[in-house]
Structures are given as structure tokens and as C-alpha cells.
Amino acid sequence: MPDPILKWSPDGHYRYQAMGTSILAIQLSTGERTVKLKDITPPGSATALRIRDFAFSNDQRKVLLFANSKRVWRYETRGDYFVYDTATRQVQQLGKSLPASSLMFAKFSPDGSKVAYVSDHNLYVETLATGEIRPLTTNGTRHFINGTFDWVYEEEMSCRDGFRWSPDGQSIAYWQLDATNTRDFLMIDNTDSLYSFTVPVEYPIAGQDPAAARIGVLDLASGNTTWMQLPGDAHQHYLPRMEWAPGGHQLIVQQLNRRQNESRIFLCDAANGNAHAVYTETDSAWVDIRAGWDADNSTGWDWLQNGKAFVWVSEKDGWRHAYRIGLDGKETLLTPGNYDLIRICKVDEKAGLIYALASPENAGQQYLYRIPLKGGPAVRITPANEMGTHNYTIDPYGDYAVHEFSNYYCPPATEYVHLPDHKSAKGEVETALRDNKAENNPLTFFKVTTPEGVVLDGWMKKPANFDPAKKYPILFYVYGEPAGATAKDEYGAGKNFLYQGSMEADGYIYASMDNRGAPLPRGRAWRKAIYRNIGRLNVHDQAMGAKALMEQYHFIDTSRVAVWGWSGGGSSTLNLLFQYPKIYKTGIAIAAVGDLRTYDNIYQERYMGIPQETMADYVAGSAVHNARYLEGNLLYIHGTGDDNVHYTNAERLINELVKYNKQFQLMSYPNRSHGLSEGEGTFRHLTTLYTTYLREHCAPGGR
């Protein structure tokens, strides 16, 4: 249970939530909270468990508790698991003979008599009545993985929990990844001992074959695994989704080819592994798989007609829409119109509705809509006066939702609303909007048009005591890649978390824009224009947008233009400085991918093609290729322990800048990861460095 998700009572009227040493029950109709469980103390311990996550058995008599969690890459996915029996009040620790805090993704069997989990890349099942621990696989290693995934599957496909109980509890379906041919990237730790040592991370860079993935069904009685007979070379495809189909005799599996431009859905016979395709989708760029994983069923499938059809999301008509896909191959468009679904929140077949997030009028916002399952127009449910960004998690019966809201001036607020009338028991969002008024100097949302006719959305925060007769420095915040957008109407817009003090009071303009390729509801063509063009098209859009903005607003001082970004935003920052030195005079780049060839294969090949076929695009889009053109001021920051964007990017960039005698400032943080979150004093040092550099090289204040 790596990321706590909402837990519902069997009737859907209560939300369960872990808080410290307690589990709370929150009544959705009133918002009232009661303590369901508290202070669960294992035998031999004087301290109650601090509950990281939990799950109830189907009969609600037992509770699986996750505690003492440890980080695996980005997420705390391993730890200790305990079972609490609500009738006997006994606490039982699972996997006691296995290493401490090594268990992952523990799940009750359907009848609650057993728990399956992963430890050290192997699957286990434990019988609760006897405490017997039975290994289901024994060949697991760091490079041969059962029941979970490698670094890149987790990072780029959100795959972590890699096994599923069958509905009858007699077998377990699981992923097995063979990464023995995946090379290790060796990070060097120079500070945790007097002798340096390497930290290996199996990491497939662009151009390297994926780990071979296969899916098997393990029969608990015999211990034998039947492998699903999916077609093709296992080293040239991905298997991002798998679940049991209704009836419990088949698996439904998504297979994605290595280029990620063909997605096939297979039904597989669990008894003999025979597989047949029921749906195929192709795209000239890439198939956006994450868009098809709705919030209600990120580890499930939206079935219709008693398992004869399912709901699927596709961009095949130019917009992201939901389709009914029959197992007979027949498909029906459910959400027609020139607009995008942002995400499906709930498919309520009983009520004949799809609940989905969308924003046809403003790509920087999102609202809840309902669409008839039989097809028809979308009707907005979110109140018209609540402008901003909304998220909803809907209960199993479609009666209530956890409603989360923020906009640029209103911090995140949460309430429980009844559906479909959107009535709230306490009106927390209305209260938040009333109590958090926009400031006297509100954020300005704008549109600019580039010379190519591309319209970019953005926001701008002007200085305090703004005088339009003066000229002010501007700092652009940029990301620019397909994994994120920066110019949305949500809390944090206009606020720079790395700047010490107030940019507004110091006399800076702070701005951000979203280029083509940003994952916004502006249609397939907008999102996929960036294919094979990272480092070029996105950077060009940003630069032309900045130029148009400065022509539109004459209070911007064109001699004091700065840009900064992190990760993909760091890459964009470097490319903007190098490719458009006449526009950008100062840049602060953090944890940037300086050479696209160094990043992981799933992400980079999805958006840039396979480098053996598109190497010229990789070279042209890499900042190191253009480092020779640096004219302005560059501060480059990177953690040497970054397992995501490796420090090799910093060193490749340094070599190029040194080669051409380009002066710059470098800050390396020893053993810090991609978020630079480790080490005492790191954040304070980072913000001090960032702020000082900006003030020195892009002086604040109007002139």
C-alpha cells in the first residue's frame, strides 16, 4: 500500500482515514468524525503503531495495517504489516522471519484467511490461522523481479503493486520482470564513509531494451505458474495494466509496443494462457496510456454489461474521449464533442453516467461533469461560482464525493458533497472562497500569440505598488515537457517557493506559460506537436511567447529577463539560455536532463522515438549540443545522488561549457536525490543560493 488512497465503508456512506495511531470514520453526509480504531500495539511493544496505510478484509473483521514504512526510490512502498482482529483484538505481525520493513503491497485473500505480499523481489503467502509463511517464488533478485516492478515502470507508468488475488482466492496473477540485461547506473557516494562506494540502480537509458515482462497465474494448490501467451518479443513491449476479468477465469492485459504507438488489449485464459486481442489502438506519435487510467480504477477496469464491454479512453478522433469497447470488437463513442476529458472519476452504470473532469472553456482549470453512458452532451456539476481547479474522488455507489479545490489565491480546501446535486454538508469550499479573497494585486492570467499563430496561456504576478511607467525585471518559471503544466489556476500559481522573501515586494514580475506539448485539455494535436521535438518546439514556443509578452507589456525590462526550472524545467531553462541568448539573460537550472540520451527509455522513447532511429532529434534537443552559445548568466544545481536525472548530465554539461570557455556557477549537493530533500540545512542553503544569484544577476525593482 504505497500511496494511501481513499477507503470507503461497505455502504459507501463513510470514508476511512488513517491519522497517527488512529483510523477515523468520516460520515460523508455530515462530515462528522468518529474513531473507528486507535492505539493498536503489537505484542512486545510499548508503542502504538503509527499507521501509514490500512485495508479491511471483505468481511470487515480484520484490518491490515502498514507501518514503519521505508522509501523505495520515490515512494514509501516497503515496511512492516500487521493484522488486527476486531473480534479478538489480537495483533499479528506478518513476515516475522523476513527482514524488517521489507514487505510490500500486502493484500488479504478474498475470504480473509491469508495475506499475500512481496519481500525482496519474491511473492509470499501467509496463512493467518497458523502463521505459516510460504514462498511462492524463490528466484527473485534485484534484476529478476516478481510481484513488483523496476525503477522505470514505477516512474513512468505508475506501476508498483504487481500482483492480484483471483476472485476465488485460489490463485494469484503477477508480473515478472527480467531485467538481467539492464545495465546498472553507478552513483558514487563520497560522504557516507571515508572510502567512496558505488550505489547501483538498474536503469535502462534511451536506446536500451526494456526489461522482459510477462504475466503468470500461480495456482496456490499446486504451486505451478501458467504464463500468458502474449505475442511478440518480450524485450520489445511493455505490460502496463493487468486485472482479473469478471468471472475470474480470464485476465485482461494491456500490451504496449516499445515505440508506445500501439496499444493492444488482450483477454487471456488463466488456465492455459491462451490470449486473443479484443482492441487495438495506434497513434502516429504515442498512445497516452495514463489518460486511460481513471481515478476510480487506477488498479481496476471499468466493466459494463456484466463484463461484456468496458470503458476505454482514446484520442483517436483528435480529442480525449471515452468509448464503450465490446469484447466482440464493437466500439461506441460515449463523449462526443470538441473537448477533452481530463480524467474519468467514476463510471456509474446503474445511474447511466460517467463522471469526469473537463474544462472546455479554460485549459488551466478543471471541473466535474456528468455525461450519459448512452452518449450525449456533458453537463457541468461543479458550481459556476467556484472558479479554479477541482478534483473528486467518488464513493463506490456514486452517491458522495470527496471534493478538493484550490485556485491561485485560495489554499486547498476539502469537503464532502452529495451527487449529482453537489450539495455540501458544511460548505468548506464556499467558506474557503469567502475567507480567502484575491489580493489587491491579483494574479493576471493572459494569452499571447506567437508569430506562428500559437496561442499560449499564462499567468503574471506584478510587483507591489506597480507603476506602469517604470520597467521591471521578469522571471519566467518554466517546465515545458509533456509530464506537467505550470500555468494552471491552482494554489501555488504566482508563488516562488525557492525565493527568500517576497518577489512582489522586491519589484519582480513573475510569470509562467504553457507551450505546445503540455498535458492540457486542448486536443491531441496540441499535446502531441512535441513528438520528436523536445528541446526545440517547446523551447521555441516559450521564447516566442516571452518575446510577444514583452512586446505587449512595455513595463517589462528586456535587459533583465531571467528563467528557471527544475528537472524538465531545468532542461528547458538551459535550452532557452543557449538557443535564445538575446531574450534570456539569466537562468537557474536545477536537476536538468542536459543530454536526452541519458534519460530512461520509457519516457524518452515515448516522446522522442528510439534513438537508434531518431538520433538527430536527440542531439538537436539536448542542451549540451547548444552549450557553446551561452552568453548570459547560468547557475546550475544538481544532486550527485539523483537516481532519476543522473549527475552525469551535470558533468556532460560542465565539459561542454569548459570546452568553449563559458563561465557559469555550479552547485553540487552531495548524495541528494532529484528533489534535493536530504541533508540538514539543504533547503535553506538552496533558497539562499537561488535568491542571492537572482538578485545579483537580475537586479530587482522598477527603473
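Residues numbered from 1 in each chain as written. Predicted model: local features only at pLDDT ≥ 70, side-chain atom pairs only at ≥ 80, totals over all residues. Heavy atoms only, no water.

### A word on the overall build of the protein
- A count of helices and strands for the protein gives 11 helices and 43 strands.
- At 26 Å, the protein has a C-alpha radius of gyration in line with the 27 Å of a compact globule built from 703 residues.
- Counting only C-alpha atoms, the protein reaches 75 × 60 × 60 Å along its principal axes.
- Buried positions account for 58% of the 703 residues belonging to the protein.
- Intrachain contacts of the protein at a sequence separation of at least 6 include 59% that bridge at least 24 residues.
- Surface exposure of the protein reaches about 28300 Å², of which carbon and sulfur atoms provide 48%.
- Where the 71 positive side-chain charges of the protein centre and where its 79 negative ones centre are 3 Å apart. (Helix = DSSP H or I, 4+ residues; strand = E, 2+ residues; numbered from the N terminus. Rg over C-alpha atoms; globule rule 2.2 N^0.38 Å. Buried < 20%, exposed > 50% of the residue type's maximum accessible area, 1.4 Å probe, protein only. Contact = heavy atoms within 4.5 Å. Areas by Shrake-Rupley, 256 points an atom, 1.4 Å probe, with all protein chains shown as cover. Lys, Arg positive; Asp, Glu negative; His and termini not counted. Charge placed at Lys NZ, Arg CZ, Asp CG, Glu CD.)

### Overview of the packing of aromatic side chains
- Here the structure, examined in full by the defined rule, presents 29 aromatic pairs.
- Summarising the aromatic geometry, the rings of Phe497 and Trp564 are spaced 6.0 Å apart at their centres and angled 65° between planes, so their arrangement reads as edge-to-face. With Phe497 in the loop between β38 (472–477) and α3 (503–506) and Trp564 in strand β40 (residues 556–566), the pair connects residues that are 67 residues apart, well separated along the chain.
- Members of the aromatic cluster, each reached through a chain of ring pairs, are Trp286, Tyr531, Tyr599, Tyr603 and Tyr607.
- It is Arg160 that lies over the ring of Tyr75; its NZ or CZ is 3.8 Å from the centre. (Phe/Tyr/Trp six-rings, centres within 6.5 Å; stacked < 30°, edge-to-face > 60°. Lys NZ or Arg CZ within 6 Å of the ring centre and 35° of its normal.)

### A closer look at the side chain of Glu202
- Structurally, the position occupied by Glu202 is in strand β17 (residues 197–202).
- Buried and unpaired, Glu202 has no salt bridge, with Arg142 as the nearest side chain of opposite charge at 6.4 Å.
- Reaching out from Glu202, the side chain makes a polar contact with the backbone nitrogen of Trp151 at a distance of 3.3 Å.
- Setting aside anything within four residues of it in sequence, one finds Glu202 in contact with Trp73, Arg142, His143, Ile145, Asp150, Trp151, Ala179, Thr182, Arg183 and Asp184. (Salt bridge = Lys/Arg side-chain N within 4 Å of Asp/Glu carboxyl O. Polar contact = N/O pair within 3.5 Å; in protein donor to acceptor, adjacent residues only side chain to side chain.)

### Side note on the pattern of salt bridges
- Under the definition given, this model contains 30 salt bridges.
- Arg52 is paired through a salt bridge with Glu76; the nearest N and O atoms lie 3.4 Å apart. Pair noted here: Arg52 is in the loop between β4 (33–38) and β5 (53–56) and Glu76 is in strand β7 (residues 75–85), with a separation of 24 residues, a long-range link.
- For Arg52, a relative accessible area of 24% puts it in the partly exposed group.
- Residue classification places Glu76 among the partly exposed residues on the basis of a relative accessible area of 33%.
- Between Asp209 and Arg258 there is a salt bridge; the shortest N-O distance is 2.7 Å. Of the two residues, Asp209 is situated in the loop between β17 and β18 (212–219) and Arg258 in the loop between β21 (250–257) and β22 (262–269); the sequence distance between them amounts to 49 residues.
- Under the relative-accessibility criterion, Arg258 is labelled buried at 6%.
- Among the charged side chains, a salt-bridge network with shared partners connects Asp283, Asp288, Glu315, Arg320, Asp340, Arg524, Arg527 and Lys528.

### Structural notes on helix α2 (residues 428–435)
- If you check which residues of α2 are buried, you get Val429, Ala432 and Leu433. The arc enclosing the buried residues of α2, seen along the axis, measures out at 95°, which places them on a common side. For α2, the exposed residues set more than 90 degrees away from the buried face come down to Arg434 and Asp435.
- The inward-facing, buried residues of α2 abut β33 (400–406) and β34 (413–418). (Arc of directions from axis to C-beta.)

### Focus on the UniProt feature "domain: Peptidase S9 prolyl oligopeptidase catalytic" (unreviewed entry) in the protein
- Under the local residue numbering, the UniProt record ascribes the feature "domain: Peptidase S9 prolyl oligopeptidase catalytic" (unreviewed entry) to residues 503–690.
- Secondary structure content for residues 503–690 is 43% helix and 18% strand, while the C-alpha to C-alpha distance between its ends is 12 Å. (UniProt positions renumbered as here; feature names shortened; annotations may be inferred.)

### A look at unusual backbone geometry
- With an omega of 5°, the peptide bond between Leu419 and Pro420 qualifies as cis.
- Along the chain, Pro420 turns up in the loop between β34 and β35 (423–424).
- Positive phi, close to 65°, is recorded for His422, a residue that is not glycine.
- Within the secondary structure, His422 sits in the loop between β34 and β35.

### Notes on the sheet that holds strand β25 (residues 309–314)
- In space, the four strands of this open sheet follow the order β24-β25-β26-β27, with antiparallel pairing throughout. Of all strands in the sheet, those with a lone pairing partner are β24 (303–304) and β27 (331–333), marking the two edges.
- The sheet contact formed by strand β26 (residues 321–326) and β27 spans three bridges and is antiparallel. Residue pairing for β27: Tyr323 is matched across the bridge by Leu333. (Pairing = 2+ DSSP bridges.)

### Points about the domain arrangement of the protein
- For the protein, the assigned domains read domain 1 (1–131), domain 2 (136–301), domain 3 (338–407 + 409–440) and domain 4 (444–697).
- Each of domain 3 and domain 4 was reduced to a C-alpha centroid, and the two centroids are 32 Å apart.
- Contact residues are listed per partner, giving 17 residues for domain 3 and 11 residues for domain 4.
- In total, domain 3 and domain 4 occlude about 1100 Å² of area from one another, counting both sides; carbon and sulfur atoms represent 51% of this.
- Inspection of the domain 3/domain 4 interface yields two salt bridges.
- Notably, a salt bridge pairs Arg527 with Asp340, separated by 2.8 Å at the nearest N-O pair.
- For the side of domain 3 that touches domain 4, a count of residues per class yields seven nonpolar, eight polar and two charged. (Domains from an automatic or database assignment. Buried area = accessible area lost by both parts, 1.4 Å probe. Nonpolar A, V, L, I, M, F, W, Y, C, P; charged D, E, K, R; others polar.)

### Describing helix α5 (residues 537–552)
- Taking 1.5 Å as the rise per residue, α5 with 16 residues should run 22 Å; its terminal C-alpha atoms sit 22 Å apart, in good agreement.
- Within α5, 12 of the 16 residues are buried, leaving the element largely enclosed by the surrounding structure.
- Regarding α5, the residues found buried are Leu537, Asn538, Val539, Asp541, Gln542, Ala543, Met544, Gly545, Ala546, Ala548, Leu549 and Met550.
- Tucked into the core, α5 has its buried residues touching β36 (444–449), β37 (455–461), β38, β39 (509–514), β40 and α6 (568–579). (Expected span 1.5 Å × (residues − 1).)

### Focus: the packing of helix α7 (residues 601–608) against helix α8 (residues 611–621)
- Running from amino to carboxyl end, α7 crosses α8 at an angle of 75°, the nearest separation of the two axes being 10 Å. As judged from the angle between their axes, α7 and α8 are roughly perpendicular. Residues Gln604, Glu605 and Met608 of α7 touch α8, and the partners they reach there are Pro611, Thr614, Asp617 and Tyr618.
- Residue classes in the contact of α7 with α8 are distributed as three nonpolar, two polar and two charged. (Axes fitted to C-alpha atoms, helices over the stretch in contact; angles between N-to-C directions. Parallel < 35°, antiparallel > 145°, perpendicular 65-115°, else oblique.)

### Looking at the nonpolar core
- Counting residues in hydrophobic clusters, the biggest one holds 48 residues, and the most contacted among them are Tyr153, Met157, Leu177, Ile215, Leu239, Leu251 and Val253.
- Sorting the residues of this core by element identifies α1 (151–157), β15 (171–178), β18, β20 (237–244), β21, β22 and α7 as the ones contributing at least two each.
- Taken together, domain 2 (136–301) and domain 4 (444–697) each give at least three residues to this core, which thus spans both.
- Counting residues in each nonpolar core, the second largest holds 47 residues, with Met460, Ile509, Tyr553 and Ala623 among its members. (Core = buried A, V, L, I, M, F, W, Y, C linked by side-chain atoms within 4.5 Å.)

### A look at the environment of Glu126
- Relative to the helices and strands, Glu126 is located in strand β11 (residues 122–127).
- Ignoring sequence-local partners within four residues, the contact set of Glu126 consists of Gln92, Gln93, Leu94, Gly95, Ser113, Lys114, Val115, Tyr117, Gly131, Glu132 and Ile133.
- A distance of 2.8 Å separates the side chain of Glu126 from the backbone nitrogen of Gly95, its partner in a polar contact.

### Description of the environment of Thr30
- Within the fold, Thr30 resides in the loop between β3 (22–27) and β4.
- For Thr30, a relative accessible area of 26% gives the class partly exposed.
- Placed 413 residues apart in sequence, Thr30 and Leu443 show a C-alpha to C-alpha distance of 35 Å.
- Not counting the four nearest positions on each side in its chain, Thr30 is found in contact with Ala425 and Lys426.

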